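Here is how the chains run, residue by residue.
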Amino acid sequence: MAKGQHLSPYQMGIVKRFYEHRSTVLVGRLAELVSDLYVAGDEKTRERLWKAARDTLRKAGVDEADAQSIYAERRLQDLAGVVAGLQASPAPRSQGPRATPASRGKPGAETDDL
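Residues numbered from 1 in each chain as written. Predicted model: local features only at pLDDT ≥ 70, side-chain atom pairs only at ≥ 80, totals over all residues. Heavy atoms only, no water.

(A) Just the confidence of the model for the chain, in detail. In this model, the chain carries an average pLDDT of 78, and 75% of its residues clear a pLDDT of 70 or more. Segment residues 93-106: pLDDT under 50, and 8 contacts once partners within four positions in sequence are set aside and those in other chains are kept. With pLDDT under 50 throughout, residues 108-114 is counted as low confidence; its partners more than four residues away or in other chains account for 6 contacts. (pLDDT = per-residue confidence, 0-100. Contact = heavy atoms within 4.5 Å.)

Okay, here's the thing in structure tokens:
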């Protein structure tokens, strides 16, 4: 971005949402890579996919040694296991204001009954 340019509030919202859902996107990408590796036909394609998997593992926050070990030994079962573990762990979410038990039922109070 050039000097002096700033993001509009709309653009800032887009960037914020991108980073809020980044972990979900990375886990989805890893799941796709596992599927692609399983059906990959030639060695050149497999090598490209394994490099993408290694890089995506790093971005997803997997331990560097684990990511390198899985990549170096080309262990598809272990890669699938890591993906399953990442899918099972709850992603952190930002929570909006919620109604407290004392405020439920009062006029004008927010409720979770939608």
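There is more to say, and it comes next.
(B) The arrangement of the nonpolar core in detail. Membership of the largest hydrophobic core comes to 15 residues, with the highest contact counts inside it found for Leu30, Leu33, Leu37, Leu49, Trp50, Leu57 and Leu79. Elements with a minimum of two residues in this core: α2 (22-39), α3 (43-59), α4 (64-73) and α5 (76-88). In contact with Leu57, other than residues within four places in its own chain, are Leu30, Val62, Ala67, Leu79 and Val82. (Core = buried A, V, L, I, M, F, W, Y, C linked by side-chain atoms within 4.5 Å. Buried < 20%, exposed > 50% of the residue type's maximum accessible area, 1.4 Å probe, protein only. Helix = DSSP H or I, 4+ residues; strand = E, 2+ residues; numbered from the N terminus.)

(C) Seen up close, the pattern of salt bridges. Under the defined criterion, the tally for this structure stands at 9 salt bridges. Of the charged contacts, one joins Arg54 and Asp55 as a salt bridge, the two residues approaching to 3.5 Å between their closest N and O atoms. Using a relative accessible area of 16% as the deciding quantity, one classes Arg54 as buried. In this structure, Glu64 and Arg58 form a salt bridge, with 3.0 Å as the shortest nitrogen-oxygen distance. Here Glu64 falls in the partly exposed class, since its relative accessible area comes to 43%. Using a relative accessible area of 34% as the deciding quantity, one classes Arg58 as partly exposed. Overlapping salt bridges, with partners in common, bring together Arg54, Asp55, Arg58 and Glu64 in one network. (Salt bridge = Lys/Arg side-chain N within 4 Å of Asp/Glu carboxyl O.)

(D) Up close: the packing of aromatic side chains. Applying the stated criterion across every chain yields a total of 1 aromatic pair. Looking at Arg74, its charged tip hangs above the ring of Tyr71, at a distance of 4.3 Å from the centre. (Phe/Tyr/Trp six-rings, centres within 6.5 Å; stacked < 30°, edge-to-face > 60°. Lys NZ or Arg CZ within 6 Å of the ring centre and 35° of its normal.)

(E) Spatial organisation of the side chain of Arg54. Residue position: Arg54 is located in helix α3. In terms of polar contacts, Arg54 uses its side chain to reach the side chain of Asp55, at 3.5 Å. In this structure, Arg54 is in contact with Ala67, Gln68 and Tyr71, ignoring residues within four places of it in sequence. (Polar contact = N/O pair within 3.5 Å; in protein donor to acceptor, adjacent residues only side chain to side chain.)

(F) Local environment of α3. Taking 1.5 Å per residue, 17 residues should reach 24 Å; α3 reaches 24 Å between its end C-alpha atoms and fits that length. Within the sequence span of α3, burial applies to Leu49, Trp50, Ala53, Arg54, Thr56 and Leu57. What you see down the axis of α3 is that its buried residues fit within an arc of 170°, all on one side. Turned more than 90 degrees from where α3 packs its buried face, Lys44, Arg48 and Lys59 sit exposed. In this fold, the buried residues of α3 make contact with α2, α4 and α5. (Expected span 1.5 Å × (residues − 1). Arc of directions from axis to C-beta.)

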